[in-house]
Amino acid sequence: MQRLATIFGGSGFVGRYVAQRLARDGWRVRVACRRPYEAHFVRMYGTVGQVEPVFTNIRDDDATAAALTNADAVVNCVGILGEAGRNTFSAVQAEGAERVARLAAAAGVERMVQISAIGADADSDSAYARTKAAGEDAVLRHMPNATILRPSIVFGAEDRFFNRFAAMAARAPILPVVGPDTRFQPVYVDDVAQAAALAAGGRAPAGVMELGGPDVDTFRELLQVMLRTIHRRALIVGVPFFAGRLMGSSLDLAQRASFGLFHNGILTRDQVANLARDNVVTGRHPGFEAMGIEPTAMEAILPTYLWRFRPGGQYAEIKDSARNLRT
């Protein structure tokens, strides 16, 4: 009988890649999301009827339990970078993860995979990091054999990191950066998805795993890689943390004062707190090597989706070749 996996947040950035991996491995996939009518694209990941989007909300017990019906495995990819309305860090990343794990245990689901983040820490100054840690603890309390995946910053065609800064560089000659010396270990989204698929099938260790790519770079160095990829120049200006906190607090206040009409997608005070700490694997937990996965380098992937920010777009390389011929 074909196995069934429920992916919470399966139409999001990481979740859609997990859905593709599981469908490729022969699973039936239930993509649990808040807007299934906007997630019909996931049906294309498998044969007719193999991948189905369904409505759910991990803030609700009944909806969550319904999405887990007859599931053999569950992958929770739900997470937020900023709070908005009732979608707070606590409600989504702590209480939501606890709800999924508790109801999965009650439903007899065999395996659970929780997508967390490097930096998850109950003692962190960041609410994002504290609730990620709270979610991990809750998952392991209800599902002791669960696998917790902690990736560093994730990159890929739909990411909100390189795409965001590439768009800024295409419009302006200056890139302001809070924490330019903070170190990251970017990890390719499909590598994370492969790890999640292996864990769902019982082919990864239980407990916490840290996932980092082959390169460790500072924030400034990552932006320099991005600029070389899009064939542009920009002045990278470091913003002091005190100024970043002031800016983030002001933008957070504007969001609250507007009752959500203005959504702070620029910089939050909590993001500034996160940027004060390096985002790299610690070596205290197993990683890709424990699953036999060779992580993918940024340089192999960034050109495949950042080309649209080049001055010549898809024709940039042709123009460069023509220029070389003339000389």
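Residues numbered from 1 in each chain as written. Predicted model: local features only at pLDDT ≥ 70, side-chain atom pairs only at ≥ 80, totals over all residues. Heavy atoms only, no water.

## Topic: the packing of aromatic side chains
Going through the model one piece at a time under the given rule, you end up with eleven aromatic pairs. The rings of Phe-155, Phe-161, Phe-162, Phe-165, Phe-184, Tyr-188 and Phe-219 are connected pair by pair, giving a single aromatic cluster. (Phe/Tyr/Trp six-rings, centres within 6.5 Å; stacked < 30°, edge-to-face > 60°.)

## Here we look at unusual backbone geometry
Despite not being glycine, Asn-70 shows a phi value in the positive range, around 65°. The phi torsion at Phe-259 lies on the positive side, around 55°, for a residue other than glycine. Mapped onto the secondary structure, Phe-259 falls in the loop between helix 8 (241-257) and helix 9 (269-275). (Helix = DSSP H or I, 4+ residues; strand = E, 2+ residues; numbered from the N terminus.)

## Quick notes on a nonpolar patch on the surface
A cluster of nonpolar side chains, namely Ile-174, Leu-235 and Val-237, defines an oily patch on the protein surface of about 250 Å² accessible area. Looking at the element boundaries, Ile-174 is found in strand 8 (residues 174-178). Of the residues examined, Ile-174 reaches a relative accessible area of 46% and is grouped as partly exposed. (Patch = residues over 30% accessible without salt bridge, like charges linked within 9 Å, V, L, I, M, F, W, Y side chains within 5 Å. Areas by Shrake-Rupley, 256 points an atom, 1.4 Å probe, with all protein chains shown as cover. Salt bridge = Lys/Arg side-chain N within 4 Å of Asp/Glu carboxyl O. Buried < 20%, exposed > 50% of the residue type's maximum accessible area, 1.4 Å probe, protein only.)

## A few points about the pairing of strand 6 (residues 147-151)
The buried fraction of strand 6 is high, at five of five residues. Across the two faces of strand 6 the burial is the same, with Thr-147, Leu-149 and Pro-151 and Ile-148 and Arg-150 all buried. As judged from the three bridges shared by strand 5 (residues 111-115) and strand 6, these two strands associate in the parallel manner. Counted as the bridge partner of Val-113 is Thr-147 from strand 6. As defined by bridge partners, strand 6 adjoins strand 11 (residues 207-211) across five bridges and the pair is classed as parallel. Within strand 11, the position partnered with Pro-151 by the bridge is Leu-211. (Pairing = 2+ DSSP bridges.)

## What to know about the nonpolar core
By size, the foremost hydrophobic cluster in this structure holds 70 residues, and its most contacted members are Phe-162 and Met-226. Top element by residues in this core is helix 6 (residues 189-200). It accounts for nine residues. In this structure, Met-226 is in contact with Phe-162, Phe-165, Ala-166, Ala-169, Leu-175 and Leu-306, ignoring residues within four places of it in sequence. Core analysis: the next-biggest nonpolar cluster, separate from the first, contains 26 residues, Ala-32, Ala-71, Met-112 and Tyr-128 among them. (Core = buried A, V, L, I, M, F, W, Y, C linked by side-chain atoms within 4.5 Å. Contact = heavy atoms within 4.5 Å.)

## Considerations on the pairing of strand 2 (residues 28-33)
For strand 2, the tally of buried residues reaches five of six residues, placing the bulk of the element in the interior. Bridge analysis of strand 1 (residues 4-8) against strand 2 gives five bridges, and the strand direction is parallel. Of the residues in strand 2, the one forming a bridge with Phe-8 is Ala-32. Handedness of the strand 1-helix 1 (residues 13-24)-strand 2 crossover: right-handed. Where strand 2 and strand 3 (residues 51-55) come together, five bridges link them in parallel fashion. (Right-handed = clockwise from strand over helix to strand, strands pointing away.)

## What about the environment of Glu-110?
Locating Glu-110 in the fold gives a position in the loop between helix 3 (89-107) and strand 5. Judged by relative accessible area, which is 53%, Glu-110 ranks as exposed. Distance in space between the C-alpha atoms of Glu-110 and Gly-201 is 9.6 Å, their sequence separation being 91 residues. The contacts of Glu-110, once residues within four sequence positions are left out, are Asp-72, Met-143 and Asn-145.

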